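Fold and geometry: a report
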Amino acid sequence: MSARAVPGEGAVPQAKGRPRRWHPALVALHWLTLILIAAQFLIASPMQDETRNLVERFELYQLHKSIGLTVAGFVVARLLLRLVIKPPAPANEGRLLRLASDAVHSGLYLCVIALPVTGLLMAAASPIQIPTLYFGLFQVPHPIGPDKATYELMLRLHDWAGNTLLALGAVHFGAVLVHIALWHDNLLRRMWFGRGKAQPSLRA
Ligand code: HEM
Ligand code: HEM
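A quick note: this is a predicted structure, and the numbers were derived from the prediction, not measured. (Residues numbered from 1 in each chain as written. Chains lettered and ligands numbered in written order. Predicted model: local features only at pLDDT ≥ 70, side-chain atom pairs only at ≥ 80, totals over all residues.)

**A closer look at the overall build of the protein chain**
Condition: Numbering of helices and strands runs from the N terminus; a helix is a DSSP stretch of H or I covering at least four residues, while a strand is a stretch of E covering at least two. Counting other C-beta atoms within 10 Å of its own, a residue is labelled buried from 20 upward, exposed at 12 or fewer, and partly exposed in the gap between, with every C-beta atom placed from the backbone. Any two residues are considered in contact once their C-beta atoms, placed from the backbone, lie within 7 Å.
When you go through the protein chain residue by residue, the secondary structure sums to five helices and two strands. Listing every helix and strand of the protein chain by position from the N terminus yields α-α-α-β-β-α-α. Within the protein chain, the fraction of its 204 residues that count as buried is 19%. Across the protein chain, contacts joining residues at least 24 apart in sequence account for 65% of those joining residues at least 6 apart.

Spelled out as structure tokens, the structure:
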């Protein structure tokens, strides 16, 4: 790979044979996932609020479970597309920075896989058996039956994955801000839609 720019020089590296920006399908999935995850955190507290009436809470739980399973579908689609679509060249030139950004991206993927898996297992293992209705359209089969120990473990893991996602999301967001504010490169632009070539630099 022959890179032509480094952070601080005003452009994300370009490499021969690599696209300049992320594929539109990957861009759409990235931002849709972010919106759905934000909705999940917003729904989580009113759905657990015991002062609310039960019908309302039931509906919020169903919404949370349906959105969560949709996120799972998006992540699977995204990972499959990542296998067949070439990504742009790594944004960071230094080996350590590249390792750090790969680690954060992998951690984010792990969290958005762990959350729907632990969520579904938690709902399935719950001592109170409540069906999972996907946006009211059909009932999602529960892969396991009620089991208090599994329920409690999944609850802890779900909570932990949620907190880890928040922490990694903050690091990821911070890194994007560094690219924009300090390195003045076109990183954000390559995770957005555009025809043909992305501008090599925000200043260009
Ligand atoms: C990306 C997807 C998801 C995110 C970001 C997410 C996030 C959260 C958060 C932040 C909480 C509150 C945790 C706490 O207060 O300890 C929560 C609770 C919960 N989630 Fe999810 N979740 C996701 C997917 C799912 C899925 C797919 C299901 C089930 C099919 C699910 C079922 C639940 C349940 C049942 C609770 C309540 C746990 C309790 O009783 O305290 N979640 N989720
Ligand atoms: C406001 C919040 C966010 C901003 C501004 C943002 C921005 C970006 C940008 C600009 C890139 C491209 C990096 C590059 O070209 O090398 C990127 C990549 C990525 N983002 Fe985010 N992002 C945000 C939230 C999230 C969240 C919540 C997730 C969790 C799923 C996430 C997961 C990823 C992953 C895994 C990549 C690597 C590309 C891939 O493998 O598809 N991002 N993000």
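**Side note on the site of ligand 1**
Selection criterion: Placing a C-beta atom from the backbone of each residue, we mark the residue near a molecule or strand if the atom is within 6 Å of it. Three classes are used, and their members are as follows: Ala, Val, Leu, Ile, Met, Phe, Trp, Tyr, Cys and Pro are nonpolar, Asp, Glu, Lys and Arg are charged, and the others, Gly among them, are polar.
Neighbouring ligand 1 are 22 residues, the closest being Gln-40, Ala-44, Lys-65, Gly-68 and Gly-119. Looking at the shell around ligand 1, the elements that each hand over two or more residues are helix H1 (24-48), helix H2 (54-84), helix H3 (95-125) and helix H4 (148-181). Here the shell around ligand 1 gets seven residues from one element, more than from any other, and that element is H3. Among the residues forming the shell around ligand 1, the class breakdown is twelve nonpolar, eight polar and two charged.

**Structural notes on the site of ligand 2**
Around ligand 2, the structure places 20 residues, and the nearest of them are Ala-91, His-105, Leu-108, Val-176 and Met-191. Secondary-structure elements contributing two or more residues to the shell around ligand 2 are H1, H3, H4 and helix H5 (187-190). For the shell around ligand 2, the element with the most residues is H1, which contributes five residues. Its residues assigned to classes, the shell around ligand 2 comprises 13 nonpolar, five polar and two charged.

**Here we look at the packing of H1 against H2**
For clarity, the threshold we go by: Axis lines are fitted through C-alpha atoms, for helices just across the contact stretch, and the angle between N-to-C directions can take any value from 0 to 180 degrees. Throughout, the term roughly parallel applies to angles under 35 degrees, roughly antiparallel to angles over 145, roughly perpendicular to angles from 65 to 115, and oblique to all others. Crossing handedness is defined as follows: a turn of the near helix away from the far one that is anticlockwise and smaller than a right angle gives a left-handed crossing, while the clockwise case is right-handed.
It is at 9 Å that the axes of H1 and H2 come closest, and there the two elements cross at 155 degrees. Relative to H2, the element H1 lies roughly antiparallel. Once H1 is placed against H2, the crossing between them reads as left-handed. Residues that form the contact of H1 with H2 fall into these classes: 19 nonpolar, five polar and two charged.

**Quick word on H1**
Note the threshold: Under the convention used throughout, the expected extent of a helix is 1.5 Å for every residue step, that is, one less than its residue count.
Look at H1: 36 Å from first C-alpha to last across 25 residues, which is about the 36 Å you get at 1.5 Å a residue. Here the buried face of H1 lies against H2.

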